[in-house]
Every structure is written in structure tokens, then in C-alpha cells.
Amino acid sequence: VDSIPQESSKLSTDEEAAEWLWGVSEGLAGVVKFGEPEPTREEIEAAKENARKAEEARKAEEERLIAEKKAEEERVEAERLAEVERVAAEKKAEEERVIAEKKAEEERVIAEKKAEEERIEAEKKAAAERIEAERKANMERIAQEKRDEEERILAEAQRMAAAAKKAEEERIEAEKAQAEQLMRDELERQRVAKL
């Protein structure tokens, strides 16, 4: 029996060589005993097949462990990336919230400023309208006072004219009565003189 077949040249470490030898010894355990005849070629081939299968099983287990480790690493990396994305999303959402609040505050300030300007403009307009109304009312009052004064002067002139006319008429009437009285006196005098 060859102690280390040609396949051993493929082994890279002492640990793998020891595992291979253990597999071979296990495979030959049932057929190789000290002091007994050497195993047949078929038994040796069977032992080699068992060792090959054991090596394949070991490699498959190693690949499975590597795959599990890789999957775990990928899962951890995916969780890390997801966490990074979550933190980035939260940061972005917070930035957007701050920007939205800042924009809302700016809009509120602008709206308040506009409302204040409109209020001041409305007050100015109301004051101008009030002053204009007072001016018109004052002008109308002055005009009415002027009309009243003109009417009063006219009425006074008419009254004075009527009084003057009446006085003139009374004077004429008195003069007429006096003339008539003088005429009557003269006639009476002449009548008396004829007697």
C-alpha cells in the first residue's frame, strides 16, 4: 500500500495532508491489519474512493461554510448599506423639513409685511378720503354760509327798499293830504272872504 499516493501533491498544507492520511487510514481500517495479507487492488481502490469522497465532502463543507460566511457578510453589508441609506434618508428628510420650515417662515414674514403695507396703505387712503370729505364738507359749509349771507343781504336790501318805498309813499300821501288841506283852507278862506 502506498503511504501517500500522487493525489497528495495537490494538498497545500500539513493539516490537509493529515486529514487525507486520516481518511485513508479510516478507509483501510477494515482491510489492513498488521500481520495479515496485504489488501487487494480493489480494496485499495475502494479505500482511495472513500478518501476521495471524504475529501469532496470536506471541500463541499468548506465551500458551504465559505458560502454561508459570504452570505452573512453580504447580509451584514446589506444591513450596513440599508442603515447608511436610512440615516441618509433621515438626514435628507430633516434637511427638507428645515428648508420647508425656513421657506414657510420666510413666506409668513413676507405675508405679514405685505399685510402691514396693505394696512398702512388702507389707513393712508382712509385718511386721504377723510381729509377730502372734510375739505368738501368745509367748502359746502362755506358755500352755504355765502349763500345764506347773500340771501340775508338780499332780504335786508329788499326790506330796506320796501321800507323806503313805503316811506316815500307815505311822504307823498302826506304831501298830497297837506296840499288838499291847503286847498280846502284856501277855498274856505275865499268863501269866507266873499261873505
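The structure presented is a predicted model; accordingly, all values stated were derived computationally and were not measured.

Peer 1: Help me understand the overall build of the chain, please; the structure alone is not making it clear to me.
Peer 2: In terms of regular secondary structure, the chain is built from two helices and zero strands. Taken over 195 residues, the chain has a buried fraction of 6%. Summing over all exposed atoms, the chain offers an accessible surface of approximately 17000 Å²; the carbon and sulfur share of this is 57%.

Peer 1: What am I meant to see in the confidence of the model for the chain here?
Peer 2: Low pLDDT means the predicted coordinates in that region are not meant to be read closely. Per-residue confidence for the chain gives a mean pLDDT of 85, with 81% of residues at or over 70. Within the model, pLDDT remains below 50 along residues 1–11, and this stretch shows 11 contacts once partners closer than five positions in the same chain are excluded.

Peer 1: I'm lost on the pattern of salt bridges in this one. Help?
Peer 2: Once the charged atoms of two side chains with opposite charge are near each other, the side chains can pair. Evaluation of the coordinates by the stated rule reveals 26 salt bridges. A salt bridge links Glu 77 to Arg 80; the shortest N-O distance between them is 2.5 Å. Placement of both Glu 77 and Arg 80 in helix H2 (residues 41–194) is noted, with a separation of three residues, approximately one turn of the helix. Overall, the relative accessible area of 34% leaves Glu 77 in the partly exposed class. For Arg 135, the salt bridge identified is with Glu 132, shortest N-O distance 2.5 Å. Taken together, the positions of Arg 135 and Glu 132, both in helix H2 and three residues apart, correspond to about one turn of that helix. The class for Arg 135 is partly exposed, based on a relative accessible area of 40%. Connected through shared salt-bridge partners, Glu 49, Arg 52 and Glu 56 make up one network.

Peer 1: I would appreciate a short explanation of the side chain of Glu 55 in the present structure.
Peer 2: Secondary-structure assignment places Glu 55 in helix H2. Given a relative accessible area of 15%, Glu 55 falls into the buried group. Side-chain polar atoms of Glu 55 contact the side chain of Arg 58, separated by 2.5 Å.

Peer 1: Got a minute to help me understand H2 in this structure?
Peer 2: Turn by turn, an α-helix covers 3.6 residues, leaving residues three or four places apart pointing in a common direction. If you check H2, its first and last C-alpha atoms are 220 Å apart, about what 154 residues at 1.5 Å a residue would give, namely 230 Å. Taken together, the buried positions of H2 are Ala 47, Ala 51 and Glu 55.

What counts, and where the lines are drawn
- Numbering of residues starts from 1 in every chain and runs along the sequence as written.
- The model is predicted, so local features are restricted to residues of pLDDT at least 70 and side-chain atom pairs to those at 80 or more, both for listing and for counting; the totals for chains, interfaces and linings are taken over all residues.
- Excluding hydrogens and water, the side-chain figures rest on all heavy atoms present in the structure.
- Numbering of helices and strands runs from the N terminus; a helix is a DSSP stretch of H or I covering at least four residues, while a strand is a stretch of E covering at least two.
- Partly exposed describes any residue whose relative accessible area lies between the buried limit of under 20% and the exposed limit of over 50%, with all areas from a 1.4 Å probe on protein chains only and scaled to the type maximum.
- Note on areas: Shrake-Rupley with a 1.4 Å probe; residue coverage comes only from the protein chains shown.
- A score from 0 to 100, pLDDT tells how confident the predictor is in each residue.
- Here a residue-residue contact requires only that any non-hydrogen atoms of the pair lie within 4.5 Å.
- Note on definitions: salt bridges are taken to be side-chain nitrogens of Lys or Arg within 4 Å of carboxyl oxygens of Asp or Glu.
- Think of a polar contact as two N or O atoms within 3.5 Å of one another; within protein, one of them needs to be a possible hydrogen donor and the other a possible acceptor, and neighboring residues in sequence only count if both atoms come from side chains.
- Given the number of residues in a helix, its expected span is that number minus one, multiplied by 1.5 Å.

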